[in-house]
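This is what each chain is made of:
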4 protein chains.
Amino acid sequence: MQSHATPQAIDKVVAEIKRMGSQAHLSRGQFRTIIGAIGEEGTIDQNHLATLDGVEKVVPIMTPYKLASREFAPEDSVVEIGGGKVPRIKVGGKHAVCIAGPCAVEDQTMLARIAREVRDGGATILRGGAYKPRTSPYSFQGHGEAALKWMRACGDELQMPICVEVMDTRQVEQMEKYVDCFQIGARNMQNFDLLREVGKTRIPVLLKRGLAASVKEWLMSAEYVLSQGNNGVILCERGIKTFEDSVRYSLDISSIPVLRQLSHLPVIVDPSHAAGRRDYVPSLALAGIAAGAHGIIVEVHYCPSEAQCDGPQALLPQAFKELMESCRRMAPLLNKEFAPAAVA
Amino acid sequence: MQSHATPQAIDKVVAEIKRMGSQAHLSRGQFRTIIGAIGEEGTIDQNHLATLDGVEKVVPIMTPYKLASREFAPEDSVVEIGGGKVPRIKVGGKHAVCIAGPCAVEDQTMLARIAREVRDGGATILRGGAYKPRTSPYSFQGHGEAALKWMRACGDELQMPICVEVMDTRQVEQMEKYVDCFQIGARNMQNFDLLREVGKTRIPVLLKRGLAASVKEWLMSAEYVLSQGNNGVILCERGIKTFEDSVRYSLDISSIPVLRQLSHLPVIVDPSHAAGRRDYVPSLALAGIAAGAHGIIVEVHYCPSEAQCDGPQALLPQAFKELMESCRRMAPLLNKEFAPAAVA
Amino acid sequence: MQSHATPQAIDKVVAEIKRMGSQAHLSRGQFRTIIGAIGEEGTIDQNHLATLDGVEKVVPIMTPYKLASREFAPEDSVVEIGGGKVPRIKVGGKHAVCIAGPCAVEDQTMLARIAREVRDGGATILRGGAYKPRTSPYSFQGHGEAALKWMRACGDELQMPICVEVMDTRQVEQMEKYVDCFQIGARNMQNFDLLREVGKTRIPVLLKRGLAASVKEWLMSAEYVLSQGNNGVILCERGIKTFEDSVRYSLDISSIPVLRQLSHLPVIVDPSHAAGRRDYVPSLALAGIAAGAHGIIVEVHYCPSEAQCDGPQALLPQAFKELMESCRRMAPLLNKEFAPAAVA
Amino acid sequence: MQSHATPQAIDKVVAEIKRMGSQAHLSRGQFRTIIGAIGEEGTIDQNHLATLDGVEKVVPIMTPYKLASREFAPEDSVVEIGGGKVPRIKVGGKHAVCIAGPCAVEDQTMLARIAREVRDGGATILRGGAYKPRTSPYSFQGHGEAALKWMRACGDELQMPICVEVMDTRQVEQMEKYVDCFQIGARNMQNFDLLREVGKTRIPVLLKRGLAASVKEWLMSAEYVLSQGNNGVILCERGIKTFEDSVRYSLDISSIPVLRQLSHLPVIVDPSHAAGRRDYVPSLALAGIAAGAHGIIVEVHYCPSEAQCDGPQALLPQAFKELMESCRRMAPLLNKEFAPAAVA
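As a starting point, this report considers the structure included with it. (Residues numbered from 1 in each chain as written. Chains lettered and ligands numbered in written order. Predicted model: local features only at pLDDT ≥ 70, side-chain atom pairs only at ≥ 80, totals over all residues. Heavy atoms only, no water.)

1. A look at the overall build of chain A
A tally of helices and strands in chain A yields 11 helices and 13 strands. Taken over C-alpha atoms, the radius of gyration comes to 20 Å for chain A, in line with the 20 Å a tight globule of 344 residues would show. Over its C-alpha atoms, taken along the principal directions, chain A stretches across nearly 65 × 45 × 40 Å. Counting every position in chain A, which comprises 344 residues, the buried fraction comes to 65%. Summarising the internal contacts of chain A: among those between residues at least 6 apart in sequence, 67% fall at separations of at least 24. For chain A, the exposed surface amounts to about 12,500 Å²; the carbon and sulfur share of it is 48%. For chain A, the distance from the average position of its 39 positive side-chain charges to the average position of its 39 negative side-chain charges is 2 Å. (Helix = DSSP H or I, 4+ residues; strand = E, 2+ residues; numbered from the N terminus. Rg over C-alpha atoms; globule rule 2.2 N^0.38 Å. Buried < 20%, exposed > 50% of the residue type's maximum accessible area, 1.4 Å probe, protein only. Contact = heavy atoms within 4.5 Å. Areas by Shrake-Rupley, 256 points an atom, 1.4 Å probe, with all protein chains shown as cover. Lys, Arg positive; Asp, Glu negative; His and termini not counted. Charge placed at Lys NZ, Arg CZ, Asp CG, Glu CD.)

Structure representation (structure tokens):
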């Protein structure tokens, strides 16, 4: 739409798209509103739409992902996480973010301690698993709703929005009450029912890349969420399976510039799960920022050897703090800025 | 347990395992019953168990997969699919199986026609998708419960058990009423909640390998199902992601002998999804049999160019028939036999 | 050329191709002669060639590999290895082959013993390394020319052609005096100078697939040899690098039907180097035959624990013999036959 | 050796190592000299060596790569490229380098023009191929010795050392007369004879990573060069083969921190060959620097559409200049510095 298009003009276009039997998706950017029309080829009369009031131009999108594509929204999307009792944190465009916390929430005390450490270190969003996807059925599977409550309380106290993994469609309704951001794990990147279900909420979704997913398949999974009307998708590169065995997964650094070109969605990197070892985390985090990512998500633990899950990859609080300082220094070279940490 | 162990002796062992705070898993083979005791290390008193009546020996299992391991059950498992109105078809040990049908159930007429073709060609189990995991949210997603009903009616009429993919935990209860075998697709191989949910049923589960799953991760996913008490797991190799682009996925033929060594579970191959093109399907199917697989699952369509999903990989009925004949000739060289086709 | 084309007609076509500034490659099959014209697009006057005596048709080849393509030679090529003091062994078309022997030639006594075992087991070509490509500069690098002499003497005595790996362009002239077949190892598949150098000889070349080579890159490497006038190329699938770690390399079974479709060249499988462990070798060898390969190359050792190189993958003589019997039984199902073993 | 160890003490240790039947490798760092003793386990009397004058400590190295390991030389190695008519350029430790130029040297005019552009943009070493490893035997294979002469003249004129790929053992002697740095391409990373041959020279070697080589295999290839007495090895990460198809190869960014931990050798990144497209080159180059690499090697062309080889990945001169400016700004954050460009 033209930048001065009236709400009435927008409503009219939406109505016309629906009349043609297609779906209309609204995306309101800083400068303009974009309306996506998703339907069978041939059912949308482009010439008609082009003549409506307030329409700047009609652009057919040739990629299989539509709403996720850069063609659909040429400016970078900025997703906001939080609101209500906690601040809204922006991710995307010039806004870089640091999400940090423990892998799994083990108990309320450890959570409080780690959360405070990561906030003091400079993280603005708190992560922590309530339901854990574990390779073995005999491993610790997370504390479930109890952990959700601890996360919520902790986030509220420290003024940090919280990001928690959702694993099953049946958890969505429950978790919606607690979390500021859903995380979809790598193993669920193509759990299409789950994508649709979080797509129906209006809570942002951190969508991790599947271990064998191509960039295009990943964008198609983002499209599942977007197509349900949830515009708050953040992509997270966390490494792919390759033959190399000196790290757990190979962080696919080239996915960052590829995504930045193909899509308007923000993208961050997870160096912790990629490396699987803490000593490589800072280098990979900085590489992600240098490649153009909008931030990082990292795991931190004050006593990794006692962690019930993924201890070897957790940074110690001091190392996390130093990493954050390096990230803050590097971001401006890439025209980005990390939000100031929440006040103690 | 010893081969002549009484039911009372078995009950006593189970009771003792529970008393120690562990779970007991019963697996009844042709010649002997095996009882798995799953619990924290150190909580199971092996010496005590070894002295109980009917106990032959106590074997600690060192692999992370327990119930799936060859150590747990040295003889091949035989899984039975069907029963009630349709025959029971055996898979495993000396029993090879051919599961065939369309990719997606598109309508009742096409299903009836393809089902008849595959039965006449020699398949004994019918496959067909009701809920389809599609990369794009805009692609055909399956006819859902209607397709389940068509499949059930068609299977009953042709005397073929039916195998249908389940994608979401919320579908399990509904599908349980219709299907003889659940299929878990590659993209859901590590959807742990779904694995647990089908594990709670007593319907066999065809567990496809994830596109980036190692053999050990795959066995851990089988363990999720087994650990819920469902012994009917059949593994299905369907190709992994590699750099090679002349086929859609690379059928990992070596997974067959590896699995045959590590596990007692039956394993079949899916050459259709691996190749992505029908011309390579027969060679890959035969390679699977030669490598020791207990059968194949293939897609067949009388008019692939009209298929709503995966047409290029569907065999024509005549090619399917010829492939089945080759499989039947080859199986005895590997000490296996395909069940006779259902009578027309 | 037409099947009854005269030598004069063939000479005339060759002369005309050269006159146009292109190279002419002759390939004489059982039923007809094919002449390849390799040159810049636009320099070859197809219409003119089509009118020459004895020309059946002129077919432009669109694939980047020309002489290796099925379009160039629709019938399967049959390569002959041996001659002189040892029999000529055919590979390709209906002729399957078994090449066997130790990994490295360690001394004359062990070679003689293993060679006799593999001949008695049914192999018709003897393999053994004189120059060994070792990952470490500190590992045993082979006995060089001494080993070549032992191989030649042993092959002559047992009436088996010999196949030996060449690693360096500077070895080609020397080895030409000793060997019946050059082997190019996986790590040298794109050592283009070496390919050209063996292409200048008229000794057949067993070209192993590179560990990260696509089927198309592999055919391009075959083209390097063929383009020098050496028609005796045999392809050997020996596994590719993937994320799977239960085997050393993943035998890419689908490369067999892909190659059989794209190329007329014979293709065999090397299950020993793929698996890296002897227990998986028989299954992979049979899978190769079932997929359409023209034979196998396997490593055998009477005392693998003492082997200086790759002991864990060497079959014991008895297991080799049993494998050969299985291969002989399976081959006719695929319209192939193994040559009878040399007489003791 | 102790930092104040005399030349006589060093000679004595070397003599003693040789007397024990082992090889002695001298590595002179800024602060201390390290002597490597390579031999069969058990033949080296560590206790005896420890008592010699000037010996600080004796450290057994457990990794399969010895001279390449960080245990062998705890400080970063600094390799010097150039000398004679051109300046010596340092790579390693705090010294970052930019090597740039065309893919292939097509003619003297284009070379002169591109060389001037890259020098003006800030590169200090000139690259350009004389012998080109091409997938197809029908592609341009390079101008050979003529190109070597043009490169030498151009480097001398612009005061830039030159780096040229060597493909065959038979080229080493000839190229030694012209080049300041040998490049070993990815496809020759395990061409062991070639590694040994360049190891015998005292010209630095830029060793690219093989497309399917693990970090450990790569270090073993470096060891081949080092074990011949050539200490001037620079590693170059240039992407590995994965399933991802939006780039040509996946730059394995994690190899940088892994190598920095395991080895003392300098490591640079080649974003051009990894990406295969110029639009992703700057992001990957910066990611490499951020991950800890000692510089970059990039391809530049003023008219990529006319390049005879790899045009799509060549940066335009202006983009190259901007990239160099970004690299110069980023390097200090990683405690590195790019050498000032040669004066025009």
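Now, onward.
2. Quick look at the interface of chain A and chain B
Counting residues at the interface gives 35 residues for chain A and 35 residues for chain B. Contact between chain A and chain B buries roughly 2,900 Å² in total, counting both sides, with carbon and sulfur atoms accounting for 51%. Joining chain A to chain B, the criterion identifies 4 salt bridges. In this assembly, chain A and chain B are joined by 22 residue pairs in polar contact (both at pLDDT 80 or more). Of all the elements in the fold, those that place two or more residues in the side of chain A that touches chain B are helix 6 (192-200) and helix 7 (215-226) of chain A. (Buried area = accessible area lost by both parts, 1.4 Å probe. Salt bridge = Lys/Arg side-chain N within 4 Å of Asp/Glu carboxyl O. Polar contact = N/O pair within 3.5 Å; in protein donor to acceptor, adjacent residues only side chain to side chain.)

3. Comments concerning the interface of chain D and chain A
Contacts between chain D and chain A engage 34 residues on the former and 34 residues on the latter. In total, about 2,800 Å² of surface goes out of reach between chain D and chain A, with carbon and sulfur atoms giving 68% of it. Along the contact surface separating chain D from chain A lie 2 salt bridges. The partner of R209 of chain D in a salt bridge is E244 of chain A, with the nearest N and O atoms 2.8 Å apart. At the surface where chain D touches chain A, the tally comes to 10 residue pairs in polar contact (both at pLDDT 80 or more). Elements represented by at least two residues in the side of chain D that touches chain A include exactly helix 8 (255-262), helix 10 (281-291) and helix 11 (317-330) of chain D. Ranked by residues supplied to the side of chain D that touches chain A, first place goes to helix 10 of chain D with 6 residues. Taken together, the residues of the side of chain D that touches chain A break down into 20 nonpolar, 7 polar and 7 charged. (Nonpolar A, V, L, I, M, F, W, Y, C, P; charged D, E, K, R; others polar.)

4. A few points about the relation of the copies chain D and chain A
Superposing chain D onto chain A takes a rotation of 180° combined with a translation of 0.0 Å along the rotation axis, leaving an RMSD of 0.1 Å. Such a turn and shift between the copies fits a two-fold axis. Of the C-alpha atoms belonging to chain D, the one lying closest to the rotation axis is found on A287 of chain D, 2.1 Å away. In this assembly the copies share their binding face: 100% of the residues contributing to the interface of chain D also contribute to that of chain A. (Least-squares fit on C-alpha atoms with pLDDT ≥ 70 in both.)

5. Description of helix 10 (residues 281-291) of chain C
Residues and elements named next belong to chain C. Counting buried positions over the 11 residues of helix 10 gives 10, a clear majority of the element. Listing the buried residues of helix 10 in full gives V281, S283, L284, A285, L286, A287, G288, I289, A290 and A291. Backbone geometry just after helix 10 places G292 at a positive phi near 115°.

6. A short note on the packing of helix 7 (residues 215-226) of chain C against helix 8 (residues 255-262) of chain C
Residue and element names in this part refer to chain C. In the contact formed by helix 7 and helix 8, the axes pass within 11 Å of each other and the chain directions differ by 50°. With respect to each other, helix 7 and helix 8 are oriented oblique. Read as a crossing pair, helix 7 and helix 8 show a hand that is right-handed. Counted together, V215, W218 and L219 of helix 7 and S255, V258, L259 and L262 of helix 8 form the full contact between these two elements. Considered class by class, the residues forming the contact of helix 7 with helix 8 number 6 nonpolar, 1 polar and no charged. (Axes fitted to C-alpha atoms, helices over the stretch in contact; angles between N-to-C directions. Parallel < 35°, antiparallel > 145°, perpendicular 65-115°, else oblique. Left-handed = near helix turned anticlockwise from the far one by under 90°.)

7. Some details on the packing of aromatic side chains
This model, assessed by the stated rule, comprises 4 aromatic pairs over all chains. Between F192 of chain C and Y224 of chain C, the aromatic rings sit 4.7 Å apart at their centres with planes inclined by 25°, giving stacked as the arrangement. In this pair, F192 of chain C is assigned in helix 6 (residues 192-200) and Y224 of chain C in helix 7, connecting sequence segments 32 residues apart. Look at Y224 of chain C and you get buried, because its relative accessible area is 0%. The positively charged end of R238 of chain B is found above the aromatic ring belonging to Y249 of chain B, 4.6 Å away from the centroid. (Phe/Tyr/Trp six-rings, centres within 6.5 Å; stacked < 30°, edge-to-face > 60°. Lys NZ or Arg CZ within 6 Å of the ring centre and 35° of its normal.)

8. As for unusual backbone geometry
Unusually for a residue other than glycine, N335 of chain B sits at a positive phi of about 60°. Residue classification places N335 of chain B among the exposed residues on the basis of a relative accessible area of 56%.

9. Some thoughts on the environment of A24 of chain A
For A24 of chain A, the location among the structural elements is in strand 1 (residues 23-28). With residues near it in sequence (within four places) discarded, A24 of chain A still touches V14, I17, I35 and G36 of chain A.

10. Concerning the side chain of S69 of chain A
Here S69 of chain A is to be found in the loop between helix 2 (46-50) and strand 3 (79-83). Leave out the neighbours within four places in its chain, and S69 of chain A touches I61, T63, L262, S263 and H264 of chain A.

11. Topic: the environment of R209 of chain B
Residue and element names in this part refer to chain B. In this fold, R209 is placed in the loop between strand 9 (205-208) and helix 7 (215-226). A residue is classified by how much of its surface remains accessible, and R209, at 0% relative accessible area, is buried. Polar side-chain contacts of R209 include one of 2.8 Å to the side chain of D252.

12. A short note on the pairing of strand 5 (residues 95-101) of chain C
All names here are of chain C. Strand 5 sits mainly inside the fold: 6 of its 7 residues count as buried. With 2 bridges connecting them, strand 5 and strand 13 (residues 337-338) associate as parallel partners. Bridge assignment links H95 to a residue of strand 13, and that residue is E337. Taken together, the 5 bridges between strand 5 and strand 12 (residues 295-299) define a ladder with parallel strand orientation. Its bridge partner being in strand 12, I99 is matched across the sheet by I297. By the bridge criterion, 2 bridges tie strand 5 to strand 6 (residues 125-127) in an arrangement that is parallel. Along strand 6, the bridge assignment pairs A100 with L126. Crossover connection from strand 5 via helix 3 (residues 108-121) to parallel strand 6: handedness right-handed. (Pairing = 2+ DSSP bridges. Right-handed = clockwise from strand over helix to strand, strands pointing away.)

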